Amino acid sequence: MSKTVFSKPFTQQEAIPETGIEHAVEILRSGRLHRYNTLEGETSETALLEREYADYMGQRYCLACTSGGYSLHIALRAAGLKPGEAVLSNAFTLAPVPGAIDNAGGKPLLVEIDENYCVDLAHLEAMMQQSKARFFMISHMRGHIADMVAVVELCTKYGVTLIEDSAHTMGASWNGKKSGSFGKIACFSTQTYKHLNSGEGGLLTTDDDDIIARAIIYSGSYMMYERHGTLPDADVFADIRLDTPNYSGRMDNLRATILRAQLPGLDQNCARWNERYRSLENRLSQNSRIQLPYRPEQESYVGSSLQFRIAEFDQEQVPAFVSGCAQRGVELKWFGNVEPQGFTSRYDSWRYLENTPQLPQTLEVLATTFDLRIPLTFTVEDMEIIGSIIDEETAAIFD
Ligand SMILES: *Cc1c(COP(=O)(O)O)cnc(C)c1O
């Protein structure tokens, strides 16, 4: 009997909603793509998006800019990072996070993760004590949310400013409070593979007057900052507008209108991701060799990707398993690979870090961790096929 092959691409997102396409065409016809290119009395699409996303998050301010990584970078600057200062961050994250810290003139200081892919709180506290770092950029990598009450407590205890990389937790929450509303600042990405898709784009949210004013000026507002969708009183800008450099990184109206069309459907899409996630999780949980992360009750996650471990594997078995799945159309990423591949790299390949830290626990977890995307173009029934392929290919390694 021939083996089942799954034939849908793991990188295929859904189409932009028709209303978004229509508005995008109108904007193209108008020629007014720049966020400050408005007619008398007109509010730009970008400013409207800022208002709407701030409301969605329950935060006072939102800034739309070029990318998630860009927003992380200006978040650190707006929070007052000084050149050469250390910034704590969990070691399991995507390359733009240490990149943003470096870009802001900081030094990434990496913290261990636990077996559920969250920051290790004991190591975090030890690092806070040791380093005296003033900033912690927590990355909710692949949507795994640490105990945020404990994280905030530690930050308060050690006087650390918390900045959240919520690229994978847009729409998620901890104990009923939105992910991205625990820290001083949160950053989101609207790159194609995230929860809203404008190709590229970033959203920064905060409740802090000075921080949003600085972030707006950094983002390249010139003296047009009053046209932003959310902003503090004019006097907050009095000095900031002159003291803050312009690091040109604005969003444009075309991308903003595409995002505005998607935002009303975000929560429903999150539910659709979770339906798929839980179906695959349930299928894989029947295989005793596969370890799935524990997801605490307080965590309302968005299952747009799934991670699992097969701790029994030794390093030689892993490539055979990954290629076995690939031959049957199931695209797994392996975080244990020494060689960075595609979007995936492990912290020890970021050679620009001053001293490559020794993080044995993180390495051990990642050595046998596999990751797969769950695009919404897959159906719940597809999860059964993917799950059975993973199941059979796991068995093939051991039998
Ligand atoms: C995508 C991503 C970013 C950066 O977002 P860009 O918009 O691609 O710059 C940051 N952190 C994580 C975890 C991401 O997945």
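Residues numbered from 1 in each chain as written. Predicted model: local features only at pLDDT ≥ 70, side-chain atom pairs only at ≥ 80, totals over all residues. Heavy atoms only, no water.

Novice: Just checking my understanding: could you explain the nonpolar core for this structure?
Specialist: One broad trend across soluble globular proteins is that nonpolar side chains are buried collectively. Core analysis: the largest hydrophobic core is formed by 68 residues, its most contacted members being Phe 136, Phe 308, Phe 370 and Ile 390. With six residues, the single largest contributor to this core is helix α10 (residues 266-284). Residues within four places of Phe 308 in sequence aside, it is in contact with Tyr 117, Leu 284, Ile 290, Gln 291, Leu 292, Phe 321, Leu 332, Thr 368, Thr 369, Phe 370, Leu 372 and Ile 390. Core analysis: the second largest hydrophobic core is formed by 33 residues, Ala 79, Val 97, Ile 211 and Ile 212 among them. (Core = buried A, V, L, I, M, F, W, Y, C linked by side-chain atoms within 4.5 Å. Buried < 20%, exposed > 50% of the residue type's maximum accessible area, 1.4 Å probe, protein only. Helix = DSSP H or I, 4+ residues; strand = E, 2+ residues; numbered from the N terminus. Contact = heavy atoms within 4.5 Å.)

Novice: I keep staring at the site of the ligand and nothing clicks. Help me out?
Specialist: Near the ligand lie 15 residues; those nearest to it are Gly 68, Gly 69, His 168, Ser 189 and Lys 194. Within the contact set of the ligand, an oxygen atom lies 2.7 Å away from a backbone nitrogen or oxygen of Gly 69. Compared with its free state, where it exposes 380 Å², the ligand has 93% of that area covered by protein. Counting residues per element, the ones that place at least two in the shell around the ligand are α3 (68-78) and α4 (96-103). Tallied by class, residues from the shell around the ligand come to five nonpolar, eight polar and two charged. (Near = heavy atom within 4 Å. Polar contact = N/O pair within 3.5 Å; in protein donor to acceptor, adjacent residues only side chain to side chain. Areas by Shrake-Rupley, 256 points an atom, 1.4 Å probe, with all protein chains shown as cover. Nonpolar A, V, L, I, M, F, W, Y, C, P; charged D, E, K, R; others polar.)

Novice: Explain the domain arrangement of the chain here, please?
Specialist: By a widespread convention, an interface's size corresponds to the accessible area lost as its parts come together. For the chain, the assigned domains are domain 1 (18-264) and domain 2 (265-398). In this structure, domain 1 and domain 2 have C-alpha centres spaced 26 Å apart. Both faces combined, the contact of domain 1 with domain 2 buries some 3,300 Å², and carbon together with sulfur accounts for 59% of it. Measuring nitrogen to oxygen at the nearest pair gives 2.9 Å for the salt bridge that ties Asp 371 to Arg 142. On the surface where domain 1 and domain 2 come into contact, there are 22 residue pairs in polar contact (both at pLDDT 80 or more). Listed by contribution, the elements that provide at least two residues to the side of domain 1 that touches domain 2 are α4, β3 (107-111) and β6 (173-174). Sorting elements by how many residues they give to the side of domain 1 that touches domain 2 places β3 first, with four residues. A class-by-class count of the residues in the side of domain 1 that touches domain 2 yields 20 nonpolar, twelve polar and eight charged. (Domains from an automatic or database assignment. Buried area = accessible area lost by both parts, 1.4 Å probe. Salt bridge = Lys/Arg side-chain N within 4 Å of Asp/Glu carboxyl O.)

Novice: Explain the packing of aromatic side chains here, please?
Specialist: Given two aromatic rings, their pairing is described by the distance between the two centres and the angle made by the two planes. On inspection of all chains with the given rule, the structure shows 17 aromatic pairs. Pairing Phe 308 with Phe 321 gives two aromatic rings, centres 6.5 Å apart and planes at 90°, and the pair type is edge-to-face. Taken together, the residues Phe 308 in strand β11 (residues 305-309) and Phe 321 in helix α11 (residues 317-327) connect sequence positions 13 residues apart. Phe 321 matches Phe 308 in its accessibility class, with the two residues each being buried. (Phe/Tyr/Trp six-rings, centres within 6.5 Å; stacked < 30°, edge-to-face > 60°.)

Novice: Sorry, what's going on with the side chain of Glu 393 here?
Specialist: By the element assignment, Glu 393 lies in helix α13 (residues 380-398). By relative accessible area, which is 8% here, Glu 393 ends up buried. A distance of 2.9 Å separates the side chain of Glu 393 from the side chain of Arg 328, its partner in a polar contact. When near neighbours in sequence (up to four residues on either side) are disregarded, Glu 393 contacts Lys 3, Phe 321, Gly 324, Cys 325 and Arg 328.

Novice: Can you help me understand helix α7 (residues 209-218) in this one?
Specialist: Residues separated by three or four positions in an α-helix point in the same direction, a consequence of the helix having 3.6 residues per turn. Among the ten residues that make up α7, seven are buried, leaving the element largely enclosed by the rest of the structure. For α7, the complete set of buried residues consists of Ile 211, Ile 212, Ala 213, Ala 215, Ile 216, Ile 217 and Tyr 218. On the buried face of α7, the contacting elements are β1 (61-65), α3, β8 (185-189), β9 (202-206) and α8 (237-243). Capping the start of α7, Asp 208 holds a side-chain oxygen 3.1 Å from the backbone nitrogen of Asp 210, two or three residues further along.

Novice: Which parts of the structure should I look at to understand the side chain of His 228?
Specialist: With respect to the secondary-structure elements, His 228 resides in the loop between α7 and α8. His 228 sits in the buried class, given a relative accessible area of 5%. A distance of 2.6 Å separates polar atoms of two side chains, one belonging to His 228 and the other to Tyr 36.

Novice: Explain the pairing of strand β13 (residues 369-373) here, please?
Specialist: The two faces of a sheet get side chains in turn, since along a regular strand they alternate between them. Of all five residues in β13, five are buried, a share of seventy percent or more. Side chains of β13 alternate between two faces, with Thr 369, Asp 371 and Arg 373 and Phe 370 and Leu 372 buried alike. By the bridge criterion, five bridges tie β11 to β13 in an arrangement that is antiparallel. Within β13, the residue paired with Arg 309 across the bridge is Thr 369. (Pairing = 2+ DSSP bridges.)

Novice: Teacher, can you tell me more about the environment of Gln 130 here?
Specialist: Here Gln 130 lies in helix α5 (residues 121-131). Judged by relative accessible area, which is 63%, Gln 130 ranks as exposed.

Novice: Before we go on, may I ask you to explain unusual backbone geometry in this structure?
Specialist: Residues other than glycine predominantly adopt negative phi, and peptide bonds predominantly adopt the trans conformation. Positive phi values are uncommon outside glycine, yet Asn 175 reaches one of about 55°. Along the polypeptide, Asn 175 turns up in the loop between β6 and β7 (177-178). Using a relative accessible area of 55% as the deciding quantity, one classes Asn 175 as exposed. Its identity is not glycine, yet Tyr 222 carries a phi of approximately 50°, on the positive side. With respect to the helices and strands, the residue Tyr 222 is situated in the loop between α7 and α8. According to the relative accessible area criterion, Tyr 222 is partly exposed, its value standing at 45%.

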